[in-house]
Amino acid sequence: MSNFFSKIKKQSLLSLSLSVVAFLLVFFPKHLKAQSFTIRVLSDSALSTGVNHIAWESVDPKWSGDIIVADWNSSIQLKTVKANNELKGYQTTQDMMRSYQRSISSEKKVIAGINGDFYKAGGIPVHSQLIEGEILKLPVQRDAIAMDDHQQFYLGSFRYSGQLEILEQSMVLEIDGVNTAREADQLIVYNEYYGDSTLTNAFGYEVVVEQLDYEPINRPELFRVVEFANYQKGFIPKGHVVLSAHGEKMPYLKALAIGDSIRITHGLLQGQQPFSEQPALVEFIGGSKIFLNDGKIDGNWPERHPRSALGFNADTTKVFLFTVDGRQESSVGMSLTEMAEVMKYFDVTYAINLDGGGSTTLVANDKVLSSPSDPTGQRKVSNAILLVQNQ
């Protein structure tokens, strides 16, 4: 899959033609009954140049949903955001959009947003996440979507490999984790997404380093040692990184002096190629799986629930934010197979399943388009994917 995306070059934009009423015949796998249903497009309205909102429904089964479809070109970016800009934390998708809009230039506008990855207690995402090349945590064995510095997409599973190069010692150490509790004989890297303290115990050694350049994931970044922090402090200064070592890796940090240079490389890898041959990734967010792959359906979640997905067409000239409502009288929700069939109708060729259920939320121009299933409305979630456009 990653080979396909690495070879993609932007082609002429495709037009998306939707009839008002269309008939779709769905052939489910053998263990499911074949079923037909009618998709009715209720509206297809422009939100901005090259960005449309499509509202649709089906009578039998009872479904209602919303799609944001955007031309994928240099004026559009997909950004991932984290609730409260910390590894732990919850916010609604709409609040994350508002926070991000306040933080960026007036020459850019957040057009739309969709809820992101599944999450654990405290609002920690299940998978890894990259925000403008900064890593929040290590990946797990689930599918994800990543984007490089040329706006190419990569789908599938990723593994982590990290290294610390101490230039004065000509030494390379393996990094064991990012923004997680330090265990025996480990080297952990902490950044400001972890909070203001490493929360480590007295049995390790820590060094604060200042970042001198900023590179995408899979590329080395240069740092300079500026301070030594004892376990009682563990302070993570803004714009800095803390290296925390225990056991066999402690002597290498203790040998560092203020002013020494190091390089840190965080890798999110597909295949066996070295860092330099991997894509330079800047954004990354997880989901449960790729359920639509080159038009082939791989639905493994037969229960009907509210659903969220991110997808794109065959040549990545269109990007889609897709939601279907559920757990309510007006819409019963979908299985992954059903969502794949409907997304295919709307010209989606590749799609990844995001967190659903009460988390499902789609927002455009600061208006909630989906109908959240929680009685309290929008659920506070871990992270989100934003569609940002140059003005």
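All figures in this text were calculated on a predicted structure; none of them were measured in a lab.

Asks: I keep staring at the packing of aromatic side chains and nothing clicks. Help me out?
Replies: Both the distance between ring centres and the angle between the ring planes are used here to describe each pair of aromatic rings. Applying the stated criterion across every chain yields a total of ten aromatic pairs. Ring geometry for Trp72 against Phe153: centres 5.2 Å apart, planes inclined by 35°, an arrangement best described as tilted. Separated by 81 residues along the polypeptide, Trp72 in the loop between strand 4 (63–71) and strand 5 (76–82) and Phe153 in strand 10 (residues 153–156) bring together distant segments of the chain. For the pair shown, Trp72 and Phe153 are each scored as buried. Ring geometry for Phe118 against Trp301: centres 6.1 Å apart, planes inclined by 20°, an arrangement best described as stacked. Highlighted residues: Phe118 in the loop between strand 6 (108–115) and strand 7 (130–131) and Trp301 in the loop between strand 21 (296–297) and strand 22 (307–312), separated in sequence by 183 residues. Taken together, the ring pairs connect Trp56, Phe322, Tyr345 and Phe346 into an aromatic cluster.

Asks: I tried to follow the side chain of Gln270 on my own but got confused; where do I start?
Replies: With respect to the helices and strands, the residue Gln270 is situated in the loop between strand 18 (261–269) and strand 19 (281–286). Polar contacts involving the side chain of Gln270 include one to the main-chain carbonyl oxygen of Leu155, which spans 3.0 Å.

Asks: Looking at this structure, I do not really get the layout of surface pockets. What am I missing?
Replies: By rolling a water-sized probe across the atoms, one finds the places where empty space is left. For the largest pocket, the calculated volume is near 630 Å³. When contributions to the lining of the largest pocket are tallied by element, the ones reaching two or more residues are strand 5, helix 2 (93–103) and strand 17 (240–246). Looking at the lining of the largest pocket residue by residue, the classes come out as eight nonpolar, twelve polar and eleven charged. Looking at the second largest pocket, its volume works out to about 180 Å³.

Asks: What is the right way to look at helix 4 (residues 336–345) in this model?
Replies: Helical periodicity: at 3.6 residues per turn, an α-helix aligns residues three or four positions apart in one direction. With eight of ten residues buried, helix 4 lies mostly within the body of the structure. If you check which residues of helix 4 are buried, you get Leu336, Thr337, Glu338, Met339, Ala340, Glu341, Val342 and Met343. Two residues or fewer past helix 4, Asp347 is found with a positive phi of approximately 80°.

What counts, and at which threshold
Residues numbered from 1 in each chain as written. Predicted model: local features only at pLDDT ≥ 70, side-chain atom pairs only at ≥ 80, totals over all residues. Heavy atoms only, no water. Phe/Tyr/Trp six-rings, centres within 6.5 Å; stacked < 30°, edge-to-face > 60°. Helix = DSSP H or I, 4+ residues; strand = E, 2+ residues; numbered from the N terminus. Buried < 20%, exposed > 50% of the residue type's maximum accessible area, 1.4 Å probe, protein only. Polar contact = N/O pair within 3.5 Å; in protein donor to acceptor, adjacent residues only side chain to side chain. 1 Å grid on protein atoms, 1.4 Å probe; cavity = no way out; pocket = protein on both sides within 12 Å on 5 of 7 lines; lining within 4 Å. Points joined across faces, edges and corners; volume = space filled by probe spheres on them. Nonpolar A, V, L, I, M, F, W, Y, C, P; charged D, E, K, R; others polar.

Any functional reading would require information beyond the geometric quantities listed.
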